[in-house]
Amino acid sequence: MSVRTGESVFDWIDTRAGARAKAGLARRVRPRPADSADLDLASNDYLGLARDKRVTGAAAAASLRWGAGSTGSRLVTGSTELHTELEYELANFCGAQSALVFSSGYAANLGALTALSGPGTAIVADQHIHASLIDGTRLSKADVVVAGHCDVPKVTHALATRGKRRALVVTDSVFSVDGDLAPLAELAAACREHEAALVVDDAHGLGVLGDGGRGAVHAAGLAKAPDVVATLTLSKSLGAQGGAVLGPSRVIRHLVDTARTFIFDTGLAPSSTAAALAALKVLREEPDRPARALDVARDLASRLREAGLRVSAPTAAVVSVQAPSAEAAFDWAEACRARGVVVGCFRPPSVPDGISRLRLTARADLTGADVERAVRVITETGASAGAVSRPRP
């Protein structure tokens, strides 16, 4: 009689890992040093605040005063005066009635979608929404319809023909892969006509778009709308960590009672809460930072396009550069890194259209020399990767 050892239970993982590696889709965790001479075009630190001494100093001071962690869920011991202050300041800055802080933007999206939907709800989601929104729709137990990317007529048709009384339309404001902007005003009008709510993930809009960086929802005139809810992350333009939901006060009260990722998750650490507060203060005091980030993104995109690369037209701080294949994208990113320029490498399943690309993020603190260096390295390595469609002039 053979003795079962259990060694074969996870053999299927090795098979799938081999298939991913063959397709150029293997991933690895790459720790970065605290200090590096590399030019960072991969992080989401759009305003250059993650290392700002005003922000890091506030984080350090909060740890000394409040402790390293929040010690519990927000409804037990995890809410501090800092959390309440941040919620007030976020709502005030973005023009919303109320805000609720979560431990991450991912948790904010899961909490908002599951708490505002259910079996009696229809969800109409853009084809290219972020993974956290996709997971929220999967957990919602609602009827889900996926509409074409930024396709308002398809959204309108889905709302008009839905079989459920309640409905949500779900979209990013700025889509994280190509950096394109959703037609928020048109979507809001369709929602209003068909008595649906609009949920907008403004993670890539906050700090970059709108008056003083107040976000895409504010720029579209929807911040105080009674049927619009926005979600945010504090880990991009604000350089900290955490997430938030903004919207009508009754929606926020409902989330406190029903959002599982709020009720059962440990609250955001005091250090991150204080860092986000400090970054928000800097943004108020230096409202030119968002425009600078946009200028850098447009300059990068224009120069790379002139060099013969297939580049997105950025509406925010994200610049997408298409690669011939997943393997080419990986090799291209590695070649850039070897020359001191760190870029994002997006491959399936991270890209909803299946097209692998380099994803560049502009920052307000990048200089003209930084942009010139980035363009030179990306175009020269792109030629070797087969990404340049015509010779550089």
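Looking up the protein in an unreviewed UniProt entry gives the name 8-amino-7-oxononanoate synthase, with the organism given as Saccharothrix xinjiangensis. Here the protein is described in UniProt, under the heading Pathway (unreviewed entry), as follows: "Cofactor biosynthesis; biotin biosynthesis." One UniProt comment on the protein, placed under Subunit (unreviewed entry), says "Homodimer."

Another aspect to go through is the sheet that holds strand β3 (residues 121-126). Spatially, the seven strands line up as an open sheet ordered β2-β8-β7-β6-β5-β3-β4, and their pairing is mixed. Edge positions in the sheet fall to β2 (98-102) and β4 (143-147), since each has one partner strand and no second. Looking at each pair of strands side by side, their axes are set apart by 20° on average, direction ignored. Pairing geometry for β2 and strand β8 (residues 243-247), over five bridges, is antiparallel. Residue pairing in the sheet places V101 in a bridge with A244 of β8. Most of the contacts of helix α9 (residues 249-258) go to β2, to which it runs at about 30°, and overall it touches β2, β7 (228-233) and β8.

All right, on to the domain arrangement of the protein then. In terms of domain boundaries, the protein breaks down into domain 1 (53-285) and domain 2 (288-384). Just the C-alpha atoms count here: the centres of domain 1 and domain 2 sit 27 Å apart. In this assembly, 18 residues from domain 1 lie in contact with 17 residues from domain 2. Summing both sides of the interface, domain 1 and domain 2 together bury roughly 1300 Å²; the carbon and sulfur share of this comes to 62%. Broken down residue by residue, the surface that domain 1 buries against domain 2 is led by V177, D178 and V208, which jointly contribute 44%. Summed over the shared surface of domain 1 and domain 2, the result is one salt bridge.

Under the defined criterion, the tally for this structure stands at 16 salt bridges. We note a salt bridge from E89 to R284, for which the minimum N-O separation is 3.7 Å. With E89 in helix α3 (residues 81-94) and R284 in helix α11 (residues 270-285), the pair connects residues that are 195 residues apart, well separated along the chain. A relative accessible area of 23% places E89 in the partly exposed class. Here D365 and R363 are joined by a salt bridge, their closest N and O atoms 2.9 Å apart. Connected via shared salt-bridge partners are D52, R54, E286 and R289.

Another aspect to go through is the sheet that holds strand β1 (residues 39-41). Across the sheet, which stays open at both edges, the four strands sit in the order β1-β10-β11-β9 with mixed pairing between neighbours. Looking at which strands have only one partner, the edges of the open sheet turn out to be β1 and β9 (318-322). Within the sheet, the average angular offset between the axes of one strand and its neighbour, ignoring direction, is 30°. Here five bridges tie β9 to strand β11 (residues 357-361), and the two strands are oriented antiparallel to one another. Within the sheet, the bridge partner assigned to S320 lies in β11 and is R359. This element, helix α13 (residues 326-338), spans β9, β10 (341-346) and β11 of the sheet and lies at about 165° to β10.

Rules used throughout
Residues numbered from 1 in each chain as written. Predicted model: local features only at pLDDT ≥ 70, side-chain atom pairs only at ≥ 80, totals over all residues. Heavy atoms only, no water. UniProt positions renumbered as here; feature names shortened; annotations may be inferred. Pairing = 2+ DSSP bridges. Helix = DSSP H or I, 4+ residues; strand = E, 2+ residues; numbered from the N terminus. Axes fitted to C-alpha atoms, helices over the stretch in contact; angles between N-to-C directions. Contact = heavy atoms within 4.5 Å. Domains from an automatic or database assignment. Buried area = accessible area lost by both parts, 1.4 Å probe. Salt bridge = Lys/Arg side-chain N within 4 Å of Asp/Glu carboxyl O. Buried < 20%, exposed > 50% of the residue type's maximum accessible area, 1.4 Å probe, protein only.

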